[in-house]
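Overview (structure and organization)
Here are the chains, one letter per residue:
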Amino acid sequence: YIMHGSPAALVVVSYATKEILHTFTLEDSKSAWGLDVDENGKLWVGGSVSSTLYSYDPNSEEFEKHGAIFFFFFDTSIQDLIVSGNKVYAGSAYGGSLVAIDTETKEIEEFGQISKRREFMKEIVADEEKDEIYVSIGSPMDLLVKKPKTKNFTSFLPSKYMSEKYAQDLVL
C-alpha cells in the first residue's frame, strides 16, 4: 500500500502474517495514485509532484526509482498507470498527457496532451490483442480510443455526458 506524505512511501505487507516486509521511500513524491502489476509480478507505481515512476519486484525484493517520465513542467502527477504486455502506460495531471514505457528497453513513447484544455488523464485501459488504448480525460469528461496505426485519439463519449467532470474505472 501507499502512505501519502512528504515523502510518500510504499509499504509491502505479508497478507498471511500481517508483517511489514519492506518500507520504501518514494523520493520526489507526496502521493501515488497509479499502481499495477505486470505479468512477472513486478509492481509499478506512479508518483506525484515530479511524475516519478517506481517499481518493486517481490521475487528479487528490488525497489527501483526510474525517474520522471513526463517532460512538460505541468505534467506533475501520474494519475493512472496500467501495464499491458511489456509496456507501462501512464497518464498525467495537469497536462493530460500520456506516455508508454517499454519495460525491457526503458524507451519512452510520448503521446503528448491527448486533448486541448483537458488537464487530467484519469483512467487508461489497453487492449493488447487489438493494439487499442482507451482513456478517460477531464474536466470536462471525454472517453477516447486510439486504434492501431493511427496517431490520434477519437472520442466515443455520448454527447449527453460531455458536461460531466470525469469517468473513473474503465473496464473493457
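Figured I'd write up the structure that's included with this text.

Cut-offs applied
Residues numbered from 1 in each chain as written. Predicted model: local features only at pLDDT ≥ 70, side-chain atom pairs only at ≥ 80, totals over all residues. Heavy atoms only, no water. Patch = residues over 30% accessible without salt bridge, like charges linked within 9 Å, V, L, I, M, F, W, Y side chains within 5 Å. Areas by Shrake-Rupley, 256 points an atom, 1.4 Å probe, with all protein chains shown as cover. Salt bridge = Lys/Arg side-chain N within 4 Å of Asp/Glu carboxyl O. Helix = DSSP H or I, 4+ residues; strand = E, 2+ residues; numbered from the N terminus. Buried < 20%, exposed > 50% of the residue type's maximum accessible area, 1.4 Å probe, protein only. Pairing = 2+ DSSP bridges. Phe/Tyr/Trp six-rings, centres within 6.5 Å; stacked < 30°, edge-to-face > 60°. Core = buried A, V, L, I, M, F, W, Y, C linked by side-chain atoms within 4.5 Å. Polar contact = N/O pair within 3.5 Å; in protein donor to acceptor, adjacent residues only side chain to side chain. Contact = heavy atoms within 4.5 Å.

A cluster of nonpolar side chains, Tyr 1, Met 3, Val 13 and Ile 20, forms an exposed patch at the surface whose accessible area comes to about 380 Å². In this fold, Val 13 is placed in strand β2 (residues 8-13).

The next thing to look at is the pattern of salt bridges. Taken as a whole, this structure holds 5 salt bridges when the rule is applied. Across the pair Glu 109 and Lys 87 runs a salt bridge whose closest N-O atoms are separated by 3.4 Å. Of this pair, Glu 109 sits in strand β11 (residues 108-113) while Lys 87 sits in strand β9 (residues 87-93), and the two are 22 residues apart along the sequence. When the shortest N-O distance is used, the salt bridge between Lys 147 and Glu 132 registers 2.9 Å. A residue pair is termed long-range when its members are at least 10 positions apart, and Lys 147 in the loop between β14 (142-146) and β15 (154-155) and Glu 132 in strand β13 (residues 132-138) qualify at 15 residues. What makes Glu 132 buried here is its relative accessible area of 8%. When salt bridges with common partners are traced through the structure, they connect Glu 27, Asp 28 and Lys 65 into a single cluster.

The next point concerns unusual backbone geometry. Cis geometry marks the peptide bond from Ser 6 to Pro 7; its omega dihedral reads 0 degrees. For Pro 7, the position within the fold is in the loop between β1 (2-3) and β2. The residue after Ala 93, namely Tyr 94, is reached through a cis peptide bond having omega 15 degrees. Along the chain, the position of Tyr 94 falls in the loop between β9 and β10 (97-102).

Pairing analysis gives 6 bridges linking strand β6 (residues 52-57) to strand β7 (residues 62-68), with the strands arranged antiparallel. Bridge pairing in β7 links Tyr 54 to Lys 65. The antiparallel hairpin formed by β6 and β7 contains 4 residues in its connecting segment, where Glu 61 sits at a positive phi of about 60 degrees.

Within a pair of aromatic rings, the relevant descriptors are the distance that separates the centres and the angle that separates the planes. Taken as a whole and assessed by the stated rule, the structure comprises 9 aromatic pairs. Pairing Phe 72 with Phe 74 gives two aromatic rings, centres 5.5 Å apart and planes at 5 degrees, and the pair type is stacked. An angle of 85 degrees between the planes, with centres 5.9 Å apart, marks the rings of Tyr 134 and Phe 156 as edge-to-face. Within this pair, whereas Tyr 134 is found in strand β13, its partner Phe 156 is found in the segment after β15, the two being separated by 22 residues in sequence. Residue Phe 156 is classed as partly exposed on the basis of its relative accessible area of 43%. These aromatic residues form a ring-pair network of at least three members: Phe 24, Tyr 54, Tyr 56 and Phe 63.

A few words now on the nonpolar core. Soluble globular proteins tend to bury their nonpolar side chains together. Counting 14 residues, the largest nonpolar core has Tyr 89, Leu 98 and Val 135 as its most contacted members. Of all the secondary-structure elements, those providing two or more residues to this core are β10, β12 (120-127) and β13.

Right, let's talk about the side chain of Asp 142 for a bit. Assignment of secondary structure puts Asp 142 in strand β14. Asp 142 gets classed as buried once you look at its relative accessible area, which sits at 7%. Separated by 2.7 Å, the side chains of Asp 142 and Ser 155 make a polar contact. In contact with Asp 142, not counting residues within four places along its chain, are Arg 118, Val 135, Ser 136, Ile 137, Ser 155, Leu 157 and Met 162.

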